[in-house]
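Structure assessment
Okay, here's what each chain looks like letter by letter:
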Amino acid sequence: MKIVIVCYPTFGGSGVMATELGMSLADHGHEVHFIAYKKPVRLNDLNENLYFHKVKVPDYPLFSFVPYELALSTKLVDIVKKYSIDLLHVHYAIPHAYAAYMAKKMLKDQLINIPIVTTLHGTDITLVGNHPSYKTAVTFSINKSDIVTCVSNSLKNDTLLQFDIKNKIRVIPNFIDLNKYILQQDLCLIENPVPSKELVITHVSNFRPVKNVLNVIKIFYNIQKKLDVRLLMIGEGPEKTKAEKMCHDLNISHLVDFLGNTSQVEKNLCHSDLFLLPSSTESFGLAALEAMASKVAIISSNAGGLPEINIDGQTGYVSDFNDIDFMTEKAISILESKSILNRFKENAFLKAQEFDINKIVPLYEKTYLEALNLVK
Ligand code: GMT
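In this report, we go over the structure that sits alongside the text. (Residues numbered from 1 in each chain as written. Predicted model: local features only at pLDDT ≥ 70, side-chain atom pairs only at ≥ 80, totals over all residues. Heavy atoms only, no water.)

**Describing the packing of helix α8 (residues 213-224) against helix α13 (residues 324-335)**
Orientation of α8 relative to α13, taken along the N-to-C sense of each, is 50 degrees, at an axis distance of 9 Å. One finds that α8 runs oblique with respect to α13. In this structure, α8 meets α13 at a crossing whose hand is right-handed. Of the residues in α13, those touching α8 at N215, K218, I219, N222 and I223 are I324, M327, T328, A331, I332 and L335. (Axes fitted to C-alpha atoms, helices over the stretch in contact; angles between N-to-C directions. Helix = DSSP H or I, 4+ residues; strand = E, 2+ residues; numbered from the N terminus. Parallel < 35°, antiparallel > 145°, perpendicular 65-115°, else oblique. Left-handed = near helix turned anticlockwise from the far one by under 90°. Contact = heavy atoms within 4.5 Å.)

This is the structure in structure tokens:
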């Protein structure tokens, strides 16, 4: 099959997921064309099955805002025709599903029928998409997609609650390539055969307000009063400076490393014991799943889809995102006993196996075949 994947090229979960999916589809023999304004960060080598096409948006003095949707839909039409593409798979409704629908209409005018699969990722529904400035267009784009998927049951319910959706929505959860994490565990053991006495706590995110990174620091501050711990803060974003300042003010900077963005998060996760994710909104929580695949126990909020992956009392604990005391108490209860910690870690790894790439990518392939049949 010849598939176009449209995504955000940044470190956000939707772009990471779209890229991992495209690379896996290419491994399965499909021809995959990524379209974005920049090469996706996790897209490594291009080959005869894997292409990248950049959307260029020329500026003009009249534009206060460059018309990205226009450039994207034009690029979609060009690429579909040039490479005889079978299907468009757009990740994140805004503005990708909207631009795809315009492209579909333009192609129809040239007697080319192409199906659109739209995957909703979270903030396109829960944070941005339901703003009155976007809601009508987002509802329209979802209803006009041939098939709509979303990444958790929670996101499906939110979408149906917040928008007037006529289309069926199917849940295809996010995934990880478990093998990659297992290999990394072995490499980490070779590099560090004697585990350090310090326990390692990790947080990975885009440091946006919804991630509540200051809660991460507060929880860590409480834990370090009782246990020998270190904190790895991975990612970049608007709340990073505040988080660094809080560490300074609490006099714990020497225990906290801000590592910035990384495209090989598994290299840090393999040394970690506990992952903190106290988000106020989280449709899935891909970062938590990556941690679980690295045998890391999870303390997370109960927001959105997080309880679907972090099973309370088994893989970690879930709570209200602002309940610092509860999260501290539970984190300490896991970390203070080696046997309890190992039990949580093993459970996390077992749960992660449900989301292995080999189980989830075939669900997308099946979805594509159904979408193709719809436009025949
Ligand atoms: O985490 C983010 O804020 C980035 C955002 C995105 O769209 O790139 O992530 C969303 O999609 C991820 C992949 O499906 C999910 O794992 C995240 O939970 C979701 N983020 C939120 O719902 C806040």
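Now that the structure is up, let's keep going.
**Focus: the state of the cysteines**
Applying the stated rule across the entire model yields one disulfide. With a sulfur-sulfur separation of 1.7 Å, C188 is cross-linked through a disulfide to C270. Looking along the S-S bond of the C188-C270 disulfide, the torsion reads about -70 degrees, which is the left-handed sense. Here C188 is found in helix α7 (residues 178-191), whereas its partner C270 is found in the loop between α10 (266-269) and β11 (274-277), with 82 residues between them in sequence. Each member of the pair, C188 as well as C270, carries the same accessibility label: buried. Note on C150: no disulfide assigned, nearest cysteine sulfur contributed by C7 at a separation of 18 Å. (Disulfide = S-S within 2.5 Å. Buried < 20%, exposed > 50% of the residue type's maximum accessible area, 1.4 Å probe, protein only.)

**Some remarks on unusual backbone geometry**
With an omega dihedral of -15 degrees, the bond running from I94 to P95 counts as a cis peptide bond. On the secondary structure map, P95 appears in the loop between β4 (87-91) and α3 (96-109). The phi angle at F207 is positive, at roughly 50 degrees, despite the residue not being glycine. By the element assignment, F207 lies in the loop between β8 (199-204) and α8. What makes F207 buried here is its relative accessible area of 0%.

**Some details on the pattern of salt bridges**
Scanning all chains against the criterion turns up 16 salt bridges. In this structure, R230 engages E198 in a salt bridge whose closest nitrogen and oxygen atoms are separated by 3.1 Å. Placement of the pair is R230 in strand β9 (residues 229-234) and E198 in the loop between α7 and β8, with a sequence separation of 32 residues. Overall, the relative accessible area of 27% leaves E198 in the partly exposed class. Between K366 and E370 there is a salt bridge, and its shortest N-O distance comes to 3.7 Å. One end of the pair, K366, and the other, E370, are both in helix α15 (residues 357-375), four residues apart, so they sit about a helical turn from each other. (Salt bridge = Lys/Arg side-chain N within 4 Å of Asp/Glu carboxyl O.)

Any functional reading would require information that these geometric values do not contain.
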